[in-house]
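The residues making up each chain are set out below.
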Amino acid sequence: MKMILGCHVNFTNEQLLGSVKQALSYGANAFMFYTGAPQNTIRKPLDSHLTEEAMQLMKENKISTKHVICHAPYIINLANNKDLEKWQFSIQFLKQELKRCKELNVEYIVVHPGSAVGLEKNVALQNISDALNFIIEPDSPMILLETMAGKGSECGCTLEELKQIVNQVHSKNIGVCIDTCHLNDAGYNISDFDAFLEKFDQLIGIENIHCVHLNDSKNPLGAHKDRHENIGLGSIGFQSLYQVLTCPKLKDVPKILETPYIERAYPPYKLEILSLQQGKFNPNLVEDVKNDYKKFL
Ligand code: FE
Ligand code: FE
Ligand code: ZN
């Protein structure tokens, strides 16, 4: 079975070209990037030559632009408009980000719905839809709202909340990204993934899922924590994650790893992708990743 599997990669001086190179070095055929640091909104101008080279390299390696995902910085908050200036900044920034995506030929951008911080949930959800209606244009890339873990006052940690937001957005350029760690922490047991998908289908429609974040979780079901763990080493476990990866109903949807670096230093993606492609849990992942990098020292 052909898997569309990749991971989060960097976007540095070589911009998208560097991202593609990094993805290829991990054996990925899909990837996700931030257009700058995830925790701030400082962005450099895009270099069209680097974008062209990136497109060429993707073509040579049969990576479809449909399998390249942008992630918006997580500090923007569409849910709270108590500080109107901040809310408007988030809206303007996302508009710019959509333009950058278009320039990069990227069709999907993942956005965290936002946090209510002091507002009533229903008001916060309406703010998100309102903001999205300002942001999305008929020819925009599609915004994918991510399922959240329910940390603090996060919106979008239940399918009902996501449905409420999506229903109020007038454009068709809106979809969903499901994150397995977040679903687990929000209380959705994905060990029976078919049952989950059925529920999703009834509420939102399975055709609206355009990205999967494939992560294990450091915390038990329903913990509302959001701490990602390496594949197979957390509370979700390898088999459940493999089931999500190979689910026939989502076979054309890219699966993106956002698992933590080993000891904050060594990217685990090459070996995680390998073990998932082989369908074989690697209980020695931590040691193997470290040894793999030490070979090059
Ligand atoms: Fe995210
Ligand atoms: Fe995620
Ligand atoms: Zn997360």
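Heads up: these notes are all about the structure in this document. (Residues numbered from 1 in each chain as written. Chains lettered and ligands numbered in written order. Predicted model: local features only at pLDDT ≥ 70, side-chain atom pairs only at ≥ 80, totals over all residues. Heavy atoms only, no water.)

1. So, unusual backbone geometry
(1) Moving on: For Asp-226, which is not a glycine, the phi torsion comes out positive at approximately 70°.
(2) Moving on: Mapped onto the fold, Asp-226 is located in the loop between strand S8 (216-217) and strand S9 (228-229).
(3) Moving on: Non-glycine residue Arg-264 carries a positive phi angle of around 60°.
(4) Moving on: By the secondary structure assignment, Arg-264 is in the loop between strand S10 (255-257) and helix H9 (269-278).
(5) Moving on: With a relative accessible area of 80%, Arg-264 lands in the exposed category. (Helix = DSSP H or I, 4+ residues; strand = E, 2+ residues; numbered from the N terminus. Buried < 20%, exposed > 50% of the residue type's maximum accessible area, 1.4 Å probe, protein only.)

2. Some points on the packing of aromatic side chains
(1) Moving on: The final tally for this structure, using the stated rule, is 13 aromatic pairs.
(2) Moving on: Arranged with centres 5.9 Å apart and planes meeting at 45°, the rings of Phe-238 and Phe-281 form a pair that is tilted. Taken as a pair, Phe-238 in helix H8 (residues 238-245) and Phe-281 in the loop between H9 and helix H10 (285-294) lie far apart in primary sequence, 43 residues in all.
(3) Moving on: Members of the aromatic cluster, each reached through a chain of ring pairs, are Tyr-188, Phe-193, Phe-196 and Phe-200. (Phe/Tyr/Trp six-rings, centres within 6.5 Å; stacked < 30°, edge-to-face > 60°.)

3. Let's talk about the pattern of salt bridges
For side chains of opposite charge, pairing can occur when their charged atoms come near one another.
(1) Moving on: Scanning the entire structure with this criterion turns up 13 salt bridges.
(2) Moving on: Residues Asp-139 and Lys-102 are paired through a salt bridge, measuring 3.0 Å at the closest nitrogen-oxygen approach. One end of the pair, Asp-139, is in the loop between helix H4 (121-135) and strand S5 (142-146); the other, Lys-102, is in helix H3 (residues 84-103), with 37 residues separating them in the sequence.
(3) Moving on: Three or more residues joined by partner-sharing salt bridges are found here, namely Glu-263, Glu-287 and Lys-290. (Salt bridge = Lys/Arg side-chain N within 4 Å of Asp/Glu carboxyl O.)

4. Comments concerning the packing of H9 against H10
(1) Moving on: Between H9 and H10, the shortest axis-to-axis distance is 9 Å and the interhelical angle comes to 130°. Relative to H10, the element H9 is oriented oblique. Considering the relative orientation of H9 and H10, their crossing is right-handed. On the side of H9, the interface is formed by Lys-270, Leu-271 and Glu-272, while H10 contributes Leu-285, Asp-288, Val-289 and Asp-292.
(2) Moving on: Residue classes in the contact of H9 with H10 are distributed as three nonpolar, no polar and four charged. (Axes fitted to C-alpha atoms, helices over the stretch in contact; angles between N-to-C directions. Parallel < 35°, antiparallel > 145°, perpendicular 65-115°, else oblique. Left-handed = near helix turned anticlockwise from the far one by under 90°. Contact = heavy atoms within 4.5 Å. Nonpolar A, V, L, I, M, F, W, Y, C, P; charged D, E, K, R; others polar.)

5. Examining the sheet that holds strand S2 (residues 30-33)
(1) Moving on: Within the closed barrel, the eight strands sit side by side as S1-S2-S3-S4-S5-S6-S7-S10. Their pairing is parallel. Between one strand axis and the next, the sheet turns by 30° as a mean value, whatever way the strands run.
(2) Moving on: The sheet contact formed by S2 and strand S3 (residues 68-71) spans three bridges and is parallel. In the strand pairing of S3, Phe-33 is matched with Cys-70.
(3) Moving on: Lying over the sheet, helix H5 (residues 159-167) contacts S5 and strand S6 (174-179), oriented at roughly 155° with respect to S5. (Pairing = 2+ DSSP bridges.)

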